[in-house]
Structure formats: C-alpha cells, structure tokens
Amino acid sequence: MNSTQHLIRSQRDLLLSWTRDHPAPLLRWLHDDEVLSSAHYLSLLEKSPSNAVVQALETVCATEESSVKFLQVLKEVQDYYCKDLQVWVERHCRNDGVSKSVPATVEIGEKKSKSPIAKLFKGKSNVFTLTPEVKAKEEWKSSRRIKAANIQVPISAHKTTLLNRTGQLKCYSEGEGVASNSASHIEIRYTDLFVTEDDESVDSSQHEYFDLASRRARIYVHQTCQRIKPCNLLSSQGTSGRTPKRVKMKGIAGIGKSVAVQRLLYEWAIGKNMREFTCLFDLRFRELNLIEEPLSLLELLGERFRYLKTALPDLFSSPSSLLFILDGLDEFKFPLDWSSPDTNIDIGSKVPISELMVALIKGSLLPEASVILTTRPSTEAPKRFFQRCCIVLGFEEDQVKEYTTKFYKDTKIAGRVYDYILSNDNLFVLSFIPLYCYIICTAMAEFFSSENKDVGDSKSLELNPPRTVSEVYFCYLFTAVKHHALKGVTERSTPRSEVLSLAKQQLTNLGKLAYENLLQKKIIFKSSDLENYGVTPADLESTFLCHILQPLKEETVEMFSFFHLTVQEHLAALYCAINLYSQDDIVQALDFWCFGQRPTSSRAAPLHNPDLNMDKLEGLQMFTRFFVGMLRARLEGQLEGLVHSPLEQVEEIPARLGYWFQSQFKGRKLENQTALNLLHCLMEFHNKETTSMVAPEIKRLYLFKMKLSVVDCAAMHYVLQFSLHKLQELNVGYSNIGNRGLTRLGPILHRCESLYLRYNCLDRQAALLESAVLKSNECQVKKLFMCGNNLGPEGVLELWNALEHNNTVEELYLDITGITERGTENIVNCLSKNTSLKTLTIVGNDIGEVGRKRLRELEQRRPGLRIIANFVDDLGLLQAYLDWVEEIQADRDQMDSVKNADALQSVLKGLQVAGDQVEKGENANKAKELQTKILDMLKSHSDKNEGR
C-alpha cells in the first residue's frame, strides 16, 4: 500500500467525523474530479451522510491515484469544514506535495538586473527601498488580504447555510401508490430547463399558460434558440462580448424559475459556478412584503443574513463581486415606481423597501453589482433597465423523459408513463411545464403501478388513465386525498365516494378559498385568510393540504399559496361544479366567466358576490375548461360524496349547454381566443349530444396568427368531427401548427371549402397528408393556401398527382414552398388533365428555365388555367405582398414567428429575376416599391440581430 492510501486509511475515522455532517461539497468535487462515477455519486446522495462518506472513503482508498486526488479535493473544500480539518489538510497536503508550489526564494545578493522587478527598487545596496507607487500597491494588496481573511469565515458559513437550504427538492410521490412528503437531493431530481432570450411580447389579457403555448409554438418550430443555463445568465452575449449586469428571467407559474434560482445558488455555494462572485444574496419578494418601515440595504442584509453582518462593509468595498438574486417580483405587494427620478441613496440610506428594490434593480444603487430578477410575465419590470431579458419555456421532449425517469424509481413504470404522455396530445403539451409534469406523474402513479394489473371495472375513472386536463387534475387531487390524508383509513378498494365524503368539508372550504380569490386575482394568503375559510394551517402536515397549499415561510414570514396557479383554478372549478344546482345557474355562470355578464337572478354561492371587481374578470380560460370538465364528472357520478344537493333536471343539462354554446357561435362575433376556449370547453365536457348540437353552427373558424398547439388542433378536430356540413373557411395561417397539428386536423380538412395553411412550418409529410385529402371522394376544398411552407420538390410532386383526379380545387397558392425544377417534372401531365383548377401561383420558387418552359407548355394545354409564376405578372399579387410586408413591420412578433427572413429573401430573388421583364408601368412601380421595403426590412432585422 502506498503512502497516501495508507495515510487516508489510518485517518479515516477522523476524516469521517469531520465531514459526515456535511458531505455534499466533498462528494461533488470527488465526482467532478472523476474519483466517483456519476452513478456512484448519485447513489451516495441517497444514503445517510455517514454512510455516504464511509463508502466514498472506501472508493478513494482503492488506488494511490484516487487517494492523491482526494487530498487535492480536500484542500479545495476545506473551508466548508471545521478548523481541525483545515489544520490537518495544511500539514498533510504540504507533506504529500499537493499544495501549490512556492516560488524559490531569491537570495538578497543575487543579481537580477535584467528582471522587470529590479526597476521597482532604488539604489544598489542589499537593503532595497520600495518606490512610493509600489509601496502603495503592496499596502493595497495587504489590505485586500486582510479583507479576504475577514470575510472567509462568514462566507463559508453563508455557503454552508445555502447548501443546507438548496440541497433538496420536494417530491410527493414515487409511484406504486405510495405517497410521501419526502425530498430528493437536487442533484438527483433537478432537470435542466429551456431558457432563451425574450422579445418581451406578452398579451396580459389571456391566461399566461396560453401565452407560453403560443411562444413555444413559435420558438420550437421556427427558431434556433440560444439555450441558456441558469449559471450562464450573466455570461457575455454574442459577438459584442458584453457582460450583462442586470438580467430579468420571467416565466409563468410552475415553469421552474425558483427551482432554477435554487440550482444556481447551490452551484455557487458548492464552488462550481459563478465563482467570479464573492457573495450571492438571495431575497424573496414575498419575504420583503413584511417590511413596513424604511430601512437601508445594509440593515436589510444584516438582518436577513446575520452571520454576514460583520463582513458586509468589506463585501461592499468591492460591489462588482456581489450578485443579488431577487425572486418573485409578481408576489411583491408594494407598488413600484419605475418612472421616478433616480435618488442619491447609498447602502446606508433608509428608504421604503419598494424604493430600495427599484434603486437596486435600476442600478442607481450599487451600479457595479449584478442583479438577477425573476417574475411572472404579468408583472411589469421595464426592459430598459436590463441588459438581458430571458424567458423560461420549461422542458423539451427529452427533458420530459428525463424528469419522468427521475420521478419513478421503477424504470418500467417510468417508461410506460412516458409512452402514455407521448400518445396523448393533452398530456404531451402540458408536460413541457415542470409543475404540470409533476402533477401528471403524481396522477399517473395510481394507474401504472404493478398493483393495477388485474383490476376490473374498466369504466372507472380510478382505473383508466386520465385523458383530459380536468381528469388529470382530479386524479392528482384524488391521489393526494386517498393516499395521504386518509392513509390508514382507506384501502385500495375503498369506493371513491367514500374517500371524497371523508374529505368533503376540507375540499369545500379549500375550493371556496380558491374560487373567491381567483376572481380577485389573489394568489398569496395569510394564515388569517385561510382560517376565514375554515382551512387550518396546522393541518398542512397531517392532511392532503401539503400537496395543495405550500407555506412560504422565510425567517419570520408565514404566507401560503396554492401549489400551482392551475391547482387553485381546478379547486375553484370543483367548488363551482358542486355548488351550482340548476341549468340556469350553470348558464349564468358561463356568461359571467366567459363574457363578464353579471348574474341576474341566481342566488347560488359562486354567483352571489356583489363586491366583485369586474375589471379583474379576465384570464379565466383554464378555469372555465376545468369547470365544464368537473361538471361532466358530476353528471357521471364521479363527484359523489362531495355534492350537497342533487342537480335539477340533470338529464336536460347537456342539451341546455348545447343551446348555450350554439348561441355563442351563432350570435356573437367571437374573438379568436374566446372561440378557441369554447372549443376546448366542449372537448373537456366530452358529451356527444352537446357537441353534435354545436358543431353544425360553426361555419367559419378564423384563428389566424393564433400560434396553436397540437392540443388546440385536437380541440378543433374533436368538435368539428360531429358535423357533416361544409366548413366555409378554416384559417390557421401563421399559427405554427406543424406536421403534428395538421395530422390532428387531418380527418376534417376535406370539408373545408377555403383552407388557409400559410406559414405553418409544414414539410413533405404535410404535403402527403394534403394530397390524400385532395384525392378523397368527399373532398370539398376549393381554395388551398400553402404559401411559405417547405413542401419541397417531393412534396409538390405528390400534390400534382393528387390534382390529376381532383375536381373541386379552383385556386392553389404555393408561393415560397421550395419548389425546384424537379418539382415541375409531372406538372404538365397531371394538371392538363385537371378540369377545376383556375388559378395557380408559384412565385418565389426557383424552378429554373426548364420549369418555366413546362409552365408555358401547361398554359397552352390548359388555356383556362391562370398561372402566376413571377411577381410582376399580377398587380393584385404585388399589392398582397406589399400588404404582407407592412403587416410584418407592424407586428414585431411576426418577423421571428416564422422564417420570414428566408421568405423575404425568396421574394427578393423572385423580384430580381422577373424585374427585367417590366421596365415601366404600375406593375414595375409596385415591384420596385416592394423590393425597397424588403431590403430595408432585412437590413433592420440584421442590425437588430447583431445588436443582440
């Protein structure tokens, strides 16, 4: 056995006693130095601290090489441990040659005349005298060393505190029907997030989930995004090399902002990232809500981080080494005045907490310090104060798989759940939001455990995995009640009605709290708020409330919020579904939530609120979907045990709802989002009688530029499949549905008289699907707009083949679809046999001279077919493209929402090719105007990207 191995073995008990209470830094550094494999490292994190260190020491002692690395690691992490260990490290690491080499001492008499350092000294005697400049520099270095020594112990205490606070992530269920309120180590449970640059566009009138879905539809399909790890938020940007000082990171509730901050703090505390910062101060706005009196930044930090109090003056002497993390601006109750002039305040100035935060964020206080601010999109924090604005988009598909694998310890169950998520559009889209992913995995644990193999009663919601969003949430709630609140009281075979009956009063109280505060847009509660609704904070640990409400306790603060905004919405919907008893109540409620019409006659509890501020009644789309889903569950008897009184005229409710939805589509000019939400409500209600009444009344569906998800397409398909009538127009142009969305719409496309699929990032697969539609004997399509999709030559060849036998299509628009010379090979043969097509536009495609020759031949063989292959051929087309360019200019979101830069380049090329054919006239003037505008726009877009 070599010397280092022997040393560690002989001192193992001492090393164990020094490190066992806090092994995380040691284990992480051993892993990163490849002493511990990843699998071994993660397994050690699941063990008790003592066992983890014992097993790590066994591994370390296996070879002399790993033993030497261990001593090197121990020297790096010694500050996390006691003084005795530091003394031991100093002695043994020096003896074993681990310490950094010390430069050889230069003898006083040794000549070093050519060395630059010789110029720092005066005279030639052996007693050197420092110049004033060097003397000052040496004194400054000495001062810095003293300051470093002064802050070393407090910073070590700060890092240890952060590691204890950030090292665990809560997880409530591990599958197999076992519920727990345990925690997994952050290294085991944390899954990377998708964070990218933000363009600051937000529609505050709609539910934040839908704005995110729009953004994801745009970003995922069309843009190559810069993926940003939380630890790189303050890294230099682009070619400019500019390092941002102030960064805003925003995202919807449950998207992972606070967890990303937790990971960032953990990585710094363990010494692995952001090492350029001497100290990180993390402050939560919900904690700052309790500060009523003016105070200084020095007082605030001294109270919040008491162990740092003595070190603060030294830390503030170098503000550029400080990072402030301000988490949850949306939870701050005090108004922020962003337009107020900068005041001359310093770290000792006593000011109101709101003024202090504004000064810190704007940079008028500690401009050299760095700040990371997190907030939900609905809260204003002007972009001008930040050098970088980011948005958290949640998970990508591979991360959903990773999360699912980490959630379930049984890999077979994890695989089955993930496959089920992939096969269900509703769950697939939801799963990209981390907290939705958690809710789905918790709900699914009930259905995919090995205990369920031989269970009968296939009609039971308890035994069939959920399909709709409402079902997912109800299963999540039921799992929490059954396996936590009633653990030991109920068995697996206990009927649902009995389980719900036992939790009836708590669910009713909780639902009322959720609903009445949802209407007031209130999401944070005091203990007194909970008690007013009969919810006891003391029950949080002993009932299912630990799954539903989370305490926001920081130091002396005790506030509460629902586990997720949508959990509040779901409980609010459940409360309404069990407290509305008649058709009239239900219809008045829908008028109220969807269109802001005050209830006139109902005395039902959910509708009797005279103090309600109607201005806040917006963004209730998800809530209304939950409500109709829960109403269906009630009609089917799924809420038995919760309801107080039976529904009146229960058999007539589906028909009455059918008339209500019918009247909305017939009698209102519905906004895009409202129309889409009604389709989703019908899908959640999932009643054939109701939907069959509504679908035939939908003559047109105009969802232009809605950025639709595959679930939106599923909702359209679900409703429209119940109508056999022709749909006069389906416009989903600029909606980014992609191939997957188009596939969901596939079965209804043949009934669309005018079908707008422009700029949807469709490719050859979409062309194959559309070709099958055109070949169908039931095809009713007259106008087909496919412009701006990358169909390519193979795709359009399939379209020409389909049109050979089609007799309905009169207008076909294939501008900028990637048609090449090869894409025209069969156009003459196929289209010369077609008798219905009257207009074909294929401008912006590089078909070459051979392609143009084929078009001329086709025109001779089909004199009734008008072919527009050049932009200058048609004045109306030129005007349409001018309108399109102006539309892009007016909509800052649209330039990036699809590959418009590429499309504009194609138009420009087409203008240049065709421009020589027309020297004067209105066509030539329009062509020149269009060319100029496109050149200006492309230059502006290029300049903007370079600026980023």
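This report concerns the structure included in the present document. From a predicted model like this one, the values you see are computed outputs, not experimental measurements. (Residues numbered from 1 in each chain as written. Predicted model: local features only at pLDDT ≥ 70, side-chain atom pairs only at ≥ 80, totals over all residues. Heavy atoms only, no water.)

1. Considering the overall build of the chain
Turning to step 1, where the next piece is worked out: Regarding its fold elements, the chain presents 40 helices and 20 strands.
Turning to step 2, where the next piece is worked out: Put simply, the chain has 948 residues, and 56% of those count as buried.
Turning to step 3, where the next piece is worked out: Approximately 41,400 Å² of the chain is accessible, and the part contributed by carbon and sulfur atoms is 48%. (Helix = DSSP H or I, 4+ residues; strand = E, 2+ residues; numbered from the N terminus. Buried < 20%, exposed > 50% of the residue type's maximum accessible area, 1.4 Å probe, protein only. Areas by Shrake-Rupley, 256 points an atom, 1.4 Å probe, with all protein chains shown as cover.)

2. Digging into the pattern of salt bridges
Turning to step 1, where the next piece is worked out: Applying the stated criterion across every chain yields a total of 32 salt bridges.
Turning to step 2, where the next piece is worked out: Glu753 is the salt-bridge partner of Lys782, the closest N and O atoms lying 3.6 Å from each other. Here Glu753 lies in strand 16 (residues 752-756) and Lys782 lies in the loop between helix 33 (764-775) and strand 17 (783-785), a separation of 29 residues in the sequence.
Turning to step 3, where the next piece is worked out: Glu753 gets classed as buried once you look at its relative accessible area, which sits at 17%.
Turning to step 4, where the next piece is worked out: Via salt bridges that share partners, Arg28, Asp32, Glu187, Arg263, Glu267 and Lys272 belong to a single interconnected network. (Salt bridge = Lys/Arg side-chain N within 4 Å of Asp/Glu carboxyl O.)

3. A closer look at the nonpolar core
Turning to step 1, where the next piece is worked out: The biggest cluster of nonpolar side chains holds 222 residues, and the ones touching the most others in it are Trp593, Phe627 and Trp800.
Turning to step 2, where the next piece is worked out: Per-element tally for this core: the top contributor is helix 19 (residues 434-448), with 12 residues.
Turning to step 3, where the next piece is worked out: By size, the runner-up hydrophobic cluster in this structure holds 43 residues, among which are Leu297, Leu326, Leu329 and Phe334. (Core = buried A, V, L, I, M, F, W, Y, C linked by side-chain atoms within 4.5 Å.)

4. Re the sheet that holds strand 5 (residues 194-197)
Turning to step 1, where the next piece is worked out: In spatial order, the strands read 5-10-6-9-8-7; together these six strands make up an open sheet with mixed pairing. Pairing within the sheet leaves two strands with one partner each, and these edge strands are strand 5 and strand 7 (279-284). Across the sheet, the mean angle from the axis of one strand to that of its neighbour is 20°, orientation sign disregarded.
Turning to step 2, where the next piece is worked out: In this sheet, strand 10 (residues 388-394) lies alongside strand 6 (residues 246-250) in parallel orientation, the contact comprising four bridges. Its bridge partner lying in strand 10, Val247 is registered against Arg388. (Pairing = 2+ DSSP bridges. Axes fitted to C-alpha atoms, helices over the stretch in contact; angles between N-to-C directions.)

5. Section: the sheet that holds strand 17
Turning to step 1, where the next piece is worked out: Here we have seven strands laid out as an open sheet, ordered 14-15-16-17-18-19-20, and parallel in their pairing. A strand with exactly one partner marks an edge of an open sheet, and here the two such strands are strand 14 (700-702) and strand 20 (866-868). Neighbouring strand axes in the sheet, compared pairwise and without regard to direction, differ in orientation by 10° on average.

6. So, the packing of aromatic side chains
Turning to step 1, where the next piece is worked out: Taken as a whole, this structure holds 31 aromatic pairs when the rule is applied.
Turning to step 2, where the next piece is worked out: Each ring, one from Phe428 and one from Phe432, has its centre 5.1 Å from the other, and the planes form 75°; the classification is edge-to-face. Neither residue differs from the other here; Phe428 and Phe432 are each classed as buried.
Turning to step 3, where the next piece is worked out: Their ring planes at 5° and their centres at 4.4 Å tell us that Phe785 and Tyr813 sit as a pair that is stacked. With a gap of 28 residues between them, Phe785 in strand 17 and Tyr813 in strand 18 (residues 811-813) connect regions that are remote in the sequence. Each member of the pair, Phe785 together with Tyr813, is buried.
Turning to step 4, where the next piece is worked out: Each residue in the set Phe395, Tyr403, Phe407, Tyr408, Tyr438 and Tyr476 is aromatic and connected to the rest through ring pairs, giving one cluster.
Turning to step 5, where the next piece is worked out: Lys159 extends its terminal NZ or CZ atom over the ring of Trp268, reaching a point 5.0 Å from the ring centre. (Phe/Tyr/Trp six-rings, centres within 6.5 Å; stacked < 30°, edge-to-face > 60°. Lys NZ or Arg CZ within 6 Å of the ring centre and 35° of its normal.)

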